[in-house]
Amino acid sequence: MANQLTDLRHRTLRDLRISVTDRCNFRCRYCMPSEIFGPDYEFLPKDSILTYEEMTRLARIFVSSGVKKLRITGGEPLMRKDLPTLIRALNQIEGVEDIAMTTNGVLLPKYAKALREAGLKRVTVSLDSLDDARFRLMNGGKSGVQPVLDGIEAAEQSGMKVKINMVVQKGINDQDILPMASYFRERKHSLRFIEFMDVGNTNGWKLDNVVTKKEILEIIQESMPLEPVDALYNGEVASRYRYKGSNEEIGIISSVSEAFCSTCSRARISAEGKLYTCLFASRGHDLRALLRSDQTDRDIAKFIEDVWTARSDSYSEDRMTNTHSLPKIEMSQIGG
Ligand code: SAM
Ligand code: SF4
Ligand code: SF4
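Note that this is a predicted model, so its numbers are computed, not measured. Position labels on residues start from 1 in each chain and follow its written sequence. Chains carry letters and ligands carry numbers; both start at the beginning, A for chains and 1 for ligands, and go up in the order they are written. Residue-level local features of this predicted model are given only where pLDDT is at least 70; pairs of side-chain atoms are given and counted only at 80 or more, and the full residue set underlies all totals for whole chains, interfaces and linings. Values shown for side chains rest on all heavy atoms present in the structure; no hydrogens or waters enter the calculation.

> Please explain empty space enclosed by the protein as it appears in this structure.
Using a probe with the size of a water molecule, rolled over the atoms, empty space left in the structure can be pinpointed. Residues are called lining when one of their atoms sits within 4 Å of a cavity or pocket point, these points coming from a 1 Å grid over the protein atoms alone, where a cavity is a set in which a 1.4 Å probe fits but cannot get out and a pocket is an open set with protein on both sides within 12 Å along at least five of seven lines. Grid points are joined across faces, edges and corners, and a volume is the space filled by probe spheres set on the points. For the coordinates displayed, the defined rule picks out one cavity of 30 Å³ or more. If you add up the space inside the largest cavity, you get close to 30 Å³. Ala181, Phe184, Arg185, Lys188, His189, Leu191, Tyr243, Glu248, Glu249 and Ile250 together form the lining of the largest cavity. Put simply, the parts of the chain that give the lining of the largest cavity at least two residues each are α6 (177-186) and β9 (249-253). Tallying contributions element by element places α6 first for the lining of the largest cavity, with three residues. Classification used: nonpolar for Ala, Val, Leu, Ile, Met, Phe, Trp, Tyr, Cys and Pro, charged for Asp, Glu, Lys and Arg, polar for all others including Gly. Split into classes, the residues belonging to the lining of the largest cavity amount to five nonpolar, one polar and four charged. Elements are defined by DSSP. Helices are runs of H or I of four residues or more, strands are runs of E of two residues or more, and each kind is numbered from the N terminus.

> Help me out: how do you make sense of the nonpolar core in this one?
Most often, soluble globular proteins keep nonpolar side chains buried together rather than apart. Joining through side-chain atoms within 4.5 Å is the link that ties buried Ala, Val, Leu, Ile, Met, Phe, Trp, Tyr and Cys residues into a set, and such a set is a nonpolar core. Residue burial is assigned from relative accessible area. The probe radius is 1.4 Å, only protein chains are included, and a residue is buried under 20% of its type maximum, exposed over 50%, and partly exposed in between. Grouped together as the largest cluster of nonpolar side chains are 102 residues, with contacts concentrated most on Phe62, Phe193 and Ile220. It is helix α1 (residues 52-64) that contributes the most residues to this core, seven residues altogether.

> Looking at this model, I keep getting lost on the environment of Lys163. Mind explaining?
As for its position among the elements, Lys163 is in strand β5 (residues 161-168). Relative accessible area serves as the criterion here: at 26%, Lys163 is assigned to the partly exposed category. Taking the C-alpha atoms as reference points, Lys163 and Val123, separated by 40 residues in sequence, lie 6.5 Å from one another.

> I'm lost on the packing of aromatic side chains in this one. Help?
Geometrically, a pair of aromatic rings is defined through the distance of the ring centres and the angle of the planes. Planes of paired rings set the category: under 30 degrees apart is stacked, over 60 is edge-to-face and the rest tilted, where pairs are Phe, Tyr or Trp rings (Trp by its six-membered ring) whose centres lie within 6.5 Å. Overall, the coordinates contain five aromatic pairs when judged by the stated rule. Here the aromatic rings of Phe26 and Phe135 are separated by 6.2 Å at their centres, their planes lie at 70 degrees, and the arrangement is edge-to-face. In this pair, Phe26 is assigned in the loop between β1 (15-19) and α1 and Phe135 in helix α4 (residues 132-138), connecting sequence segments 109 residues apart. For Phe26, a relative accessible area of 3% translates into the label buried. A centroid spacing of 4.8 Å and a plane angle of 65 degrees characterise the contact between Tyr41 and Phe43, whose relative ring orientation is edge-to-face. Given a relative accessible area of 17%, Phe43 falls into the buried group. The rings of Phe37, Tyr41 and Phe43 are connected pair by pair, giving a single aromatic cluster. The ring of Tyr183 carries Arg187 above its face, with NZ or CZ at 3.5 Å from the centroid. Geometrically, a charge over a ring is one whose NZ (Lys) or CZ (Arg) sits within 6 Å of the ring centre while staying within 35 degrees of the ring normal.

> Which parts of the structure should I look at to understand the site of ligand 1?
Any residue with a non-hydrogen atom lying within 4 Å of a molecule or strand is treated as near it. Inspection of the region around ligand 1 gives 20 residues, with Tyr30, Gly75, Ser126, Asn165 and Met197 positioned closest. Within the backbone of Gly75, one N or O atom sits 3.0 Å away from a nitrogen atom of ligand 1. The contact in question runs from an oxygen atom of ligand 1 to an N or O atom on the backbone of Thr103, over 3.2 Å. For the accessible areas, the method is Shrake-Rupley and the probe is 1.4 Å, while residue cover comes only from the protein chains on display. Computed on the free molecule, ligand 1 has an accessible area of 540 Å², of which 95% lies beneath the protein chains in the complex. For the shell around ligand 1, the secondary structure elements donating two or more residues are β3 (98-103), β5 and β6 (190-195). Polar contact is defined as a pair of N or O atoms within 3.5 Å, subject to the rule that within protein one atom must be able to donate a hydrogen and the other to accept it, and that residues adjacent in sequence are counted only when both atoms are side-chain atoms.

> Please explain the UniProt feature "binding site: S-adenosyl-L-methionine" (unreviewed entry) in the chain as it appears in this structure.
UniProt positions are given in the numbering used here, feature names are shortened, and annotations may be inferred rather than shown by experiment. Sequence positions flagged by UniProt for "binding site: S-adenosyl-L-methionine" (unreviewed entry) are, in local numbering, Tyr30, Gly75, Ser126 and Met197. Mapped onto the elements, Gly75 comes out in the loop between β2 (69-73) and α2 (83-91). For Gly75, the contacting residues outside a window of four places in its chain are Ser19, Thr21, Asp22, Arg23, Cys24 and Ser332. Here Ser126 lies in strand β4 (residues 122-126). Not counting residues within four places of it along the chain, the set of residues in contact with Ser126 comprises Thr102, Thr103, Asn104, Val148 and Asn165. By the convention used here, residues are in contact when the closest approach between their heavy atoms is within 4.5 Å.

So, in C-alpha cells, the structure goes:
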C-alpha cells in the first residue's frame, strides 16, 4: 500500500507532472515570448536534463508516496526523442492509474500511433483559436491551425481520448470562445478554457487581460445554455459544465478568478529534475542531485516526504495581495 502524504493544509499528494524538455517548437506569447526565448536563449544542456531512466525511477518513488496520476508535459514534450519509450516504462509502474500528456499537437501525426501503442490513453491538445492569423499571432508565427487539427485527428484515430486547452486573453482571442465551443462540441471533444495566468516573469500579465470564468460562461450561455456538472473527484482542476440536454461538456480552469489551491494535489518536476510544489514557486528542490548520488529510493522518498509535508503553497489565493511581483519558475520549464 502506497504512503499518503499530506501537506500543512491537509492536501494529499496525488498527481505528478513531469516536464521532459524545456524546448518548444512554438513561441506562445503568454509562455515563451520570442523576444526572450530568441536564438540566443540558452536552453538546458542535454546532460542536465533527466534521462528517461531517472524520470521513471522518480515516478516510481512518487507512486510509492501516493501519486496515482502522471502527466507528461514540457516545453513541447514531443520535441524529446523517443517519448514512447518513457510512456512504456511509466505504464509498467504498479499503482499508476492514469497517464496523460499535454502537447501543442503538431507532432501528433508523427507520434500518436506509437504513443498509443506504448500505453498513452489520453492527450490534451492546446489550441487557442480557429482563426489562422490570430493563432499565428499567439504562437509566435510557428503554426497555423490545420497542423494542430491534424494532430487532434491523429490522436483520435490512434484511439486516444482527446481534450482541448484554450488559454483566453482579453482583446487577443476572446472572440474565439464561441467558435471554439461550437466546433469542439460538434466533435465531442471536451474544451477547457484556461484563464490567462501570471506564470513566469516574462509574459507581461495584467489582470485586465484575464477573461474570467464568469465572463466565459456568459459568452457561451448566450447561445448554448449550460448546467454545472459535479466534480468527479476532490481536487479536479476544471469546473465542468454540460450543454443542456446533451452529454457534451466544457471545463473552465479559473486559477485567477476562483483559486482552487485548497484542493491542489499536484507536484511538478522540471526537465532538470527540480521538484516544485506550486506552479508559481520561485524555488525548486533538487532531485537530480539525489538521483545522481548514492541516495537510495527510500532516501529520496524521505526527501519528497519532507518537502510535501512542509508545503503550504497557495499562490493563486494570495495573488492579489503581495505575490504577483515575486520571481517565479517559467511555465516552459515546468509545463503547467
Ligand atoms: N507545449 C505543450 C502545450 O502547449 O500544450 C505543453 C506545455 S504548456 C506550458 C501546458 C499548458 O499550459 C498549455 O495548455 C498552455 O496553453 C498552458 N499555458 C501556458 N502559459 C499559460 C499562461 N500564461 N496562462 C495559462 N495557461 C498557460
Ligand atoms: Fe510551447 Fe506549450 Fe509554451 Fe506554447 S504553451 S510556448 S506550445 S510550451
Ligand atoms: Fe496549486 Fe499553486 Fe496553483 Fe494554488 S497556485 S492551485 S497551490 S499550483
